[in-house]
Amino acid sequence: MSLRFVSGKLLGALGTFAFVIVFNFFLFRVVEGNPVGTLFRGRNLTEAQRAELRHQFGLDGSKLDQFWHYLVQLAHFNLGRSYETNATVISEIGHAAWPTVVLVGVSTLLSTLIGVWMGIVAGWRRGSWRDHGLTSFTMATYAMPDFWLGMLLLIAFAVLLGWFPIGGISDPASTATGFSKLLEEAHYLVLPCATLTVAYLGEYSIVMRSSLVDVKQEDYLVLARAKGLRDALVRRRHAVPNALLPVVTLIAINFGFVLSGAIAVESIYSWPGLGLATYHAIRAPDLPMLQGLFLVFSASVIFFNLLADLAYAYLDPRVRTA
Amino acid sequence: MNRTRTIALAAVSCVAGLTLLAGSGLAAKKATVTLTVGLTQDIDTLNPAVGQLVPDYEVWNLQYATLTRKSAKDFSTIPGLAQSWRSSNHGLTWTYTLRPHLKWSDGVPLTSADVAYTINRARKEQWLNYTAFIGNLTAKAPNPRTVVITSSVPDPRLPGLGDTYIVPMHIYDKISKANLTKYAAQDGVGSGPFTLETYVKGQYWKMKANPGYWQGKPAVDEIVFRVFTNSDAMVFSLQKGELDVIDNPSPASFKDLQKTKGIVAVQGQQGSFDELALNGYNGKPPRSKKFSSPNPALADLRFRQAIAMAIDKQALVSRAYGGIGVAADALSPSADPEWTPKIPASLRYDFDLDKAKKLLDSAGYKDTDGDGIRNLPNGGKDIVLRYLIRSESIYAKPISDFVTAWLKDIGIGTKLSVYSDSQLTVEIGKGAYDMFTWGWTPFVDPDPQLSYFQCDEVAHDASDFTNYYNDASYCDPTYDKLYAQQRVELNHAKRVAIVHQMLTRFYRSAVYDVLEYTPELQAYRTDRFTGWLQQPAKIGPVILTNTSPTYFNLKPIKTSTSGFSAVSVGGIGGVLLLVAALGLLGASRPVQARAAREERSTKPGR
């Protein structure tokens, strides 16, 4: 990979990020609205108290002043304070980030692995009963809305069978520490994670299958077989690596969205992650929080897109020269 | 392939075993009496000076004792930290005597200095949650058990100080004014029946009984408040017995809970109401061109009365609100129903479309162009009212469906548009509306809610449209005069009479059609605790009430364990995993064989 290629991609990513920073500020100020008026409706505040709140929230200068203030803060990695909780946005995001990374990270990993495996099995023997079975299954799960699937799993496994907790990420009554605490938390993870995994594995499976079906037509596979390689070796060494290319892009792009969480599934399982934080911030409305969340989400998408570009170029030499 | 499976098998078995162990380890613990509460909202900060969410108040009510309390029955003032009091100086000065041997939960003595400190500092620094109650008060502590409080104006709320949470001076004194808003107050030092033990953001918080509480140690050892973002899941947890009481189930599941044995479903009334507000701006106070004007017909009392008569509140309750709540007449300015006047039948605007039509006819609003919509007098335009709908309310749209149909029936057109709360606040301030539906939840003292409808509170300075509360744009000098009177009236019966007079007047103006008294939906189990208290008695909710007296009053029915059974969950989970492991073990051999066969096969894929 040439330095020029890498630096070009890097500059592109940085440019996008700079645009996001500016856009992010104005996006939330297009709609006129005064958070102080809404947040403190019916609180019987004096005029002085309301003025003080506007000052605290940084709403008292002109838009340009506020923009400058925002840039200076950002340069210090300060995303401001949440209107609703009064805590710094960074700490609020930090609190919510871990549950989301665990939930969406694990489920993305699982759905990738299982989905790709299913795609390989289905695509390698197109038309077989396995292909039909797997493809129908993945099509069905892919078509299911995740909140609906989540609700079904919750009712079946948590309410009726009682095997898993109904919601949350840990047991308030528990005194477990160390490894047993980890296990307990894993127990809480099962249902939301299973929901997301099942809901999203179809995407990988379908892409992998069709990609593999395409690759199977290629001359180099005929050559590989002509060399006398076993079927499994042909699949593993020649077909799958080439068929994986579009899946790699998909994985990288989807990992970019890991941080933005899964609003529906997080709210069904009362999972206090970033998706829920976004939902609350929109309802409040909590501008600094929304601003911070959008910035973090954009940064993560930009970063993983960059990674996808680079990985793709590494895996497929044709991209580098194009 | 082979090795991966073995590792996976080993891992699953380990997990299964350890889960079982973890489950049995937990089983040994439980002996405490735990009450588990399900809520749909988290707390923001536990700092009583600045917190703003409803669950915050529950924590403060439990953690901070107040000088006087409000009775569960009717909010009347009863002794708290102060065991007695007397007034002097025409009711401007009150001298309270504290109970002996009061202590903070960390062992530090609680004295009159803490009380005086809280009141004086909150007044000086204008603490958000305090100013409305102590803005005019000055406190002195001549000796450790005596507090002397002087009000600069006659204050009918005194001697009641049930909203003023006394904070520990030995902790708050270390926090400067600049840092106060940032202080999260998780110190857990209090003087109430329970104090904060742990708080896990977004998940739960736990409060433990305070053995040094002046009324004695509560029968409940600890309270766990769990936060649910899925109210249906919360209802399931209540039905399964993992929770003892819940707040805010969805209206649909509330109806199921009403039919469930062993569960009491409560429609708790504490003064909240929804209204259909009209834009009653009548030129007072004068304002610039930046403001929008209401439809001219709204300035006519008869026109507004016709609208009031076109609304079938009973039908709204049973159909738009799904049978939940109570049809309303007058505005309720307080959680205490005593302050809400009964509107006599002769003064009420009962639902009567024919009467409404006749009234409009006689007032000169006729459909002159024959399009089904009445016109302004003297060949004026069609009367089409701007009707603003809240996107945040599940009821706003169904209500508008009924209201627009009724208005159409009497020949009044409407133009609907949807706004978020934050946008709607601005539109109301600008006067850019003819009608909208929203609601209020009043305090216990009627003063704040009454103050919102003074002329001063009609938006009139265009530099900030949202700085005002009067969302009916109603201005009536007589109302203002009565408001000023009730504010300083120390005779309770006389004050109630003035308030009733004000609210009847307000009702008659027909600018603010209060549609329904909206309840707080709650449900509790009857198998574990007795002593659930509604505040106010008979009609109020059991939790998230004004002063939260339920918790101290609860007694366990049997020596019950925690509502949240980790044991069964852990145990069953472990068994499940073991079964899975065994299944994998059984399946692994043929799988291996198959894999080996495929490795050897040279048959092309198709």
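Everything discussed here concerns the structure shown above.
Residues numbered from 1 in each chain as written. Chains lettered and ligands numbered in written order. Predicted model: local features only at pLDDT ≥ 70, side-chain atom pairs only at ≥ 80, totals over all residues.

A.B. asks: Can you tell me about the overall build of chain A, naming the residues and giving the values?
C.D. replies: Of regular secondary structure, chain A possesses 14 helices and 0 strands. Starting at the N terminus and walking to the C terminus, you meet the elements of chain A as α-α-α-α-α-α-α-α-α-α-α-α-α-α. C-alpha atoms of chain A, sized along the principal axes, occupy 85 × 60 × 35 Å. Every one of the 322 residues in chain A was classed for burial, and the buried ones make up 38%. Across chain A, the fraction of contacts at a sequence separation of at least 24, relative to all contacts at a separation of at least 6, is 73%. (Helix = DSSP H or I, 4+ residues; strand = E, 2+ residues; numbered from the N terminus. Buried ≥ 20, exposed ≤ 12 C-beta atoms within 10 Å, placed from the backbone. Contact = placed C-beta atoms within 7 Å.)

A.B. asks: Pulling in residues and values, what's your account of the pairing of strand β13 (residues 273–278) of chain B?
C.D. replies: Residue and element names in this part refer to chain B. Along β13, 6 of the 6 residues are buried, which leaves the element largely enclosed by surrounding structure. Neither face of β13 is left uncovered, since the one carrying Phe273, Glu275 and Ala277 and the one carrying Asp274, Leu276 and Leu278 both have all their residues buried. Pairing of β13 with strand β18 (residues 512–517), which is carried by 5 bridges, proceeds in the antiparallel orientation. Pairing of Asp274 across the sheet is with Glu516, part of β18. (Pairing = 2+ DSSP bridges.)

A.B. asks: Explain the environment of Pro519 of chain B to me, and be specific about the residues and the numbers.
C.D. replies: All names here are of chain B. Counting through the fold element by element, Pro519 comes out in the loop between β18 and β19 (520–525). On the neighbour-count criterion, Pro519 (20 C-beta atoms within 10 Å) is buried. Taking C-alpha positions, Pro519 is 8.5 Å from Gly540, a pair spaced 21 residues apart along the chain. Excluding residues that lie within four positions of it along the chain, Pro519 makes contacts with Gln267, Gly268, Gln269, Ile324 and Gly325.

A.B. asks: Kindly report on the sheet that holds strand β6 (residues 137–143) of chain B, identifying the contributing residues and their values.
C.D. replies: All names here are of chain B. Spatially, β4-β5-β7-β6 is the arrangement adopted by the 4 strands of the open sheet, whose pairing is antiparallel. Each edge of the sheet is formed by a strand with only one pairing partner; in this case those strands are β4 (82–88) and β6. Averaged over all adjacent pairs, the angle separating strand axes in this sheet is 20°, with direction ignored. Judged from the 5 bridges that link them, strand β5 (residues 93–98) and strand β7 (residues 146–151) form a sheet pairing that is antiparallel. From the neighbouring strand, Thr97 faces β7, where its bridge partner is Thr146. Sheet strands in contact with helix α3 (residues 112–125) are β5, β6 and β7, and its direction is about 160° off that of β6. (Axes fitted to C-alpha atoms, helices over the stretch in contact; angles between N-to-C directions.)

A.B. asks: Go over the nonpolar core with me, naming the residues and quoting the values.
C.D. replies: One finds Leu196 and Met208 of chain A together with Val37, Ile119, Ile166 and Ile223 of chain B to be the most contacted residues of the largest nonpolar core, which totals 142 residues. In terms of residues, this core owes the most to one element, helix α8 (residues 178–215) of chain A, which gives 14 residues. Contacts of Ile166 of chain B, omitting those with residues within four sequence positions, involve Tyr64, Ala65, Thr66, Leu67, Leu81, Asp114, Val115, Thr118 and Ser191 of chain B. Membership of the second largest hydrophobic core comes to 66 residues, among which are Leu278, Ala306, Ile399 and Ala459 of chain B. (Core = buried A, V, L, I, M, F, W, Y, C linked by C-beta atoms within 7 Å.)

A.B. asks: Please give an account of the packing of helix α5 (residues 89–124) of chain A against helix α13 (residues 287–315) of chain A that cites residues and values.
C.D. replies: Residue and element names in this part refer to chain A. Two elements in contact, α5 and α13, have axes separated by 10 Å at closest approach and are oriented at 55°. On the basis of their axis angle, the class for α5 and α13 is oblique. Of the two possible hands of crossing, α5 and α13 adopt the one that is right-handed. Seen from α5, the contacting residues are Val89, Glu92 and Ile93; seen from α13, they are Pro288, Met289, Gly292, Leu293 and Val296. Here the contact of α5 with α13 is composed, by residue class, of 6 nonpolar, 1 polar and 1 charged. (Parallel < 35°, antiparallel > 145°, perpendicular 65-115°, else oblique. Left-handed = near helix turned anticlockwise from the far one by under 90°. Nonpolar A, V, L, I, M, F, W, Y, C, P; charged D, E, K, R; others polar.)

A.B. asks: Residue-level account of unusual backbone geometry, with values.
C.D. replies: All names here are of chain B. For the bond from Leu158 to Pro159, the omega torsion is 5°, close enough to zero to count as cis. Tracing the chain through its elements places Pro159 in the loop between β7 and α5 (169–172). Note the cis peptide between Gln535 and Pro536, where omega equals -5°. Here Pro536 lies in the loop between β20 (529–530) and α17 (550–553). Not every positive phi belongs to a glycine, and Ser473 is a case in point at roughly 50°. Here Ser473 is to be found in the loop between α14 (447–451) and α15 (477–488).

A.B. asks: Just give me the short version of the sheet that holds strand β12 (residues 263–268) of chain B, but keep the residues and values in it.
C.D. replies: Residues and elements named next belong to chain B. Here we have 7 strands laid out as an open sheet, ordered β8-β9-β10-β1-β11-β19-β12, and mixed in their pairing. With one partner strand each, in any of the chains shown, β8 (194–200) and β12 form the two edges of the open sheet. If you compare each strand with its neighbour and ignore which way they point, the axes differ by 20° on average. Together, β1 (34–39), β8, β9 (204–209) and β10 (222–227) form the strand contacts of helix α2 (residues 54–63), whose direction differs from that of β8 by roughly 140°.

A.B. asks: Explain the environment of Val403 of chain B to me, using residue names and the numbers behind them.
C.D. replies: Relative to the assigned elements, Val403 of chain B resides in helix α12 (residues 396–409). Excluding residues that lie within four positions of it along the chain, Val403 of chain B makes contacts with Leu276 and Ile311 of chain B.

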